[in-house]
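# Coordinate analysis (summary)
These are the residues of each chain, in order.
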Amino acid sequence: EDQVTQSPEALRLQEGESSSLNCSYTVSGLRGLFWYRQDPGKGPEFLFTLYSAGEEKEKERLKATLTKKESFLHITAPKPEDSATYLCAVRLSGTYKYIFGTGTRLKVLA
Amino acid sequence: GAVVSQHPSWVICKSGTSVKIECRSLDFQATTMFWYRQFPKQSLMLMATSNEGSKATYEQGVEKDKFLINHASLTLSTLTVTSAHPEDSSFYICSVSQESTYEQYFGPGTRLTVT
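Residues numbered from 1 in each chain as written. Chains lettered and ligands numbered in written order. Predicted model: local features only at pLDDT ≥ 70, side-chain atom pairs only at ≥ 80, totals over all residues. Heavy atoms only, no water.

A word on the overall build of chain A. On a plain count of helices and strands, chain A comes out with zero helices and 11 strands. Each helix and strand of chain A, placed in order from N terminus to C terminus, yields the pattern β-β-β-β-β-β-β-β-β-β-β. Expected size for 110 residues packed as a compact globule is a radius of gyration near 13 Å; at 13 Å, chain A falls within 12% of this value. Expressed along its principal axes, the backbone C-alpha trace of chain A runs to roughly 45 × 30 × 20 Å. Split into buried and exposed, the 110 residues of chain A put 46% on the buried side. Long-range pairs, those at least 24 residues apart, make up 55% of the contacts in chain A with a sequence separation of at least 6. Of the roughly 5400 Å² of accessible surface on chain A, a fraction of 47% belongs to carbon and sulfur atoms. (Helix = DSSP H or I, 4+ residues; strand = E, 2+ residues; numbered from the N terminus. Rg over C-alpha atoms; globule rule 2.2 N^0.38 Å. Buried < 20%, exposed > 50% of the residue type's maximum accessible area, 1.4 Å probe, protein only. Contact = heavy atoms within 4.5 Å. Areas by Shrake-Rupley, 256 points an atom, 1.4 Å probe, with all protein chains shown as cover.)

Turning our eyes to something else, we now look at the packing of aromatic side chains. Here the structure, examined in full by the defined rule, presents 10 aromatic pairs over all chains. Ring geometry for A:Tyr36 and A:Phe46: centres 6.0 Å apart, planes at 75°, overall edge-to-face. Of the two residues, A:Tyr36 is situated in strand S4 (residues 30-38) and A:Phe46 in strand S5 (residues 45-50); the sequence distance between them amounts to 10 residues. On the basis of relative accessibility, which here comes to 18%, the residue A:Phe46 falls in the buried class. Aromatic pair B:Tyr36 and B:Phe106: ring centres 5.6 Å apart, planes at 50°, arrangement tilted. Here B:Tyr36, found in strand S4 (residues 32-38), pairs with B:Phe106, found in strand S10 (residues 103-106); they are 70 residues apart in sequence, far enough to count as distant. (Phe/Tyr/Trp six-rings, centres within 6.5 Å; stacked < 30°, edge-to-face > 60°.)

Residues and elements named next belong to chain B. Taken in spatial order, the four strands make up an open sheet running S1-S3-S8-S7, and their pairing is antiparallel. Lying at the two open borders of the sheet, with one neighbouring strand each, are strand S1 (4-7) and strand S7 (67-73). Taking each pair of neighbouring strands and ignoring which way they run, the sheet shows an average axis angle of 15°. Taken together, the five bridges between S7 and strand S8 (residues 76-81) define a ladder with antiparallel strand orientation. Residue pairing in the sheet places Ser73 in a bridge with Leu76 of S8. (Pairing = 2+ DSSP bridges. Axes fitted to C-alpha atoms, helices over the stretch in contact; angles between N-to-C directions.)

Before going further, it helps to spend a moment on unusual backbone geometry. Backbone torsion omega between A:Ser7 and A:Pro8 reads -10°, so that peptide bond is classified as cis. Among the structural elements, A:Pro8 can be located in the loop between strand S1 (3-7) and strand S2 (10-14). Looking along the chain, the bond that leaves B:His7 and enters B:Pro8 is cis, with omega of 0°. Within the secondary structure, B:Pro8 sits in the loop between S1 and strand S2 (10-13). Within the chain, A:Ala77 stands out as a residue other than glycine whose phi angle is a positive 45°. With respect to the element layout, A:Ala77 can be found in the loop between strand S8 (70-75) and strand S9 (84-92). Backbone geometry places B:Tyr102, a non-glycine residue, at a positive phi of 65°.

Looking now at the sheet that holds strand S7 (residues 62-66) of chain A. Residue and element names in this part refer to chain A. A sheet is described by the order of its strands in space; here five strands give the open sequence S1-S3-S8-S7-S6, paired in antiparallel fashion. Looking at the sheet topology across the chains shown, the edges are occupied by S1 and strand S6 (56-59). Taken over all neighbouring pairs, the strand axes of this sheet differ in orientation by 15° on average, direction set aside. The pairing of S1 with strand S3 (residues 19-26) spans five bridges and is antiparallel. From the neighbouring strand, Ser7 faces S3, where its bridge partner is Asn22.

Structure below.
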């Protein structure tokens, strides 16, 4: 069964305290892995796309990496405005379907 | 990325009535749109894939007669919740995907409350 799991479920960091979020996946075929940020009461905001193992993408304080089984979202020196829920999703090969993980709720304290 | 709007942003309706939610792709012709629902502190659950000019493909467990989807043009898809009940109260989000990159862009969501 195709599955996407994120950990931890929730994370509290002090401002400036770097950390990583994990997204592990078991799918029959991967077309792409995507990271999103979601603020309360809003739709997800696109962050990154990763297509193959070894690929990395960076944007400001965020860096996403991909292996054959998992992806990491590294947050360097986070700020309170980075507080949000971070979602990962996979697009299955041969379909239009996306499967989302349960998300990691990040809280960055000033 | 694509810009997606939804209308209304929130709606309250009485049990037994129907409510329509619009999803518009403002700068991108979307042959495929997606409808998700999200319960508090939970992730997105795909309800259906909406294809322009053809019938929507519903996920297992989603009642197609209750959640009517119409994708009449490359920029507009609608979701109609028929005979709404309190358990249909949720956050409904649409998205479009760019098939060249498989990237998905979301609307701001619609909060539905059924009383």
